[in-house]
Amino acid sequence: MIRSVLDVVSDEEAELLRRWEELDRSKEDLDKAAEEASIRARDRRRRLAERLSLSRSAMEDGALFVQAAAAEVATRRREAESAQAKVAELREGVVAAEGAKDEAVREHAELLGELRALRREEARREQAEAKAQAGGAGGQGVSGERGREIGGEVGREAACRGER
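Reading the values: the criteria
- Residues numbered from 1 in each chain as written.
- Predicted model: local features only at pLDDT ≥ 70, side-chain atom pairs only at ≥ 80, totals over all residues.
- Heavy atoms only, no water.
- Helix = DSSP H or I, 4+ residues; strand = E, 2+ residues; numbered from the N terminus.
- Buried < 20%, exposed > 50% of the residue type's maximum accessible area, 1.4 Å probe, protein only.
- Polar contact = N/O pair within 3.5 Å; in protein donor to acceptor, adjacent residues only side chain to side chain.
- Expected span 1.5 Å × (residues − 1).
- Salt bridge = Lys/Arg side-chain N within 4 Å of Asp/Glu carboxyl O.

Draft legend 1. Quick look at the environment of E103. Positionally, E103 belongs in helix α3 (residues 63-136). Taking relative accessible area as the criterion, E103 reaches 35% and is therefore assigned partly exposed. Reaching out from E103, the side chain makes a polar contact with the side chain of R106 at a distance of 2.4 Å.

Draft legend 2. Here's a closer look at helix α2 (residues 11-51). For α2, spanning 41 residues, the distance from its first C-alpha to its last is 59 Å, which sits close to the expected 60 Å at 1.5 Å a residue. Looking one or two residues past α2, S53 carries a phi angle of roughly 60 degrees, positive in sign.

Draft legend 3. Focus on the pattern of salt bridges. Scanning all chains against the criterion turns up eleven salt bridges. We note a salt bridge from R46 to D43, for which the minimum N-O separation is 2.6 Å. A residue pair is termed a helical-turn pair when its members lie 3 or 4 positions apart in one helix, as R46 and D43 do in helix α2 at three residues. Judged by relative accessible area, which is 28%, R46 ranks as partly exposed. When salt bridges that share partners are traced, they join D43, R46, R47 and E50 into one network.

In structure tokens form, the structure reads like this:
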């Protein structure tokens, strides 16, 4: 340095000194960047370990961290696949239940139709029996109020004769 101040240094030596200073500054910048990268890497490993629920011992640098993280990821992947299989199974159950519900609704409608038909048939039969009773009591197939009147008169006459 004294030689450079006294200007006793050759041009080639001065160039080498200047390059040495540049390389020294570059090395300091790289050291600083490496230290910052190391801090960021530790922080990222810590956050990853927290998300994967890894122990503090697994957060150490190296293969143990990678192995622990890989094992946790594999475990979670198996759990996710199991959950997906369960969801698929439940969806199949839902489809089957909906099919059974639709079948039950169809059967209900069918049975309701049959019940209505039976009630109509029963009503027709009761009307036919009422007509037959009215006709057998002396009426000639007269229906309605006149049939009741005739049936009532015939019933009164039979009561008077003691036939009831």
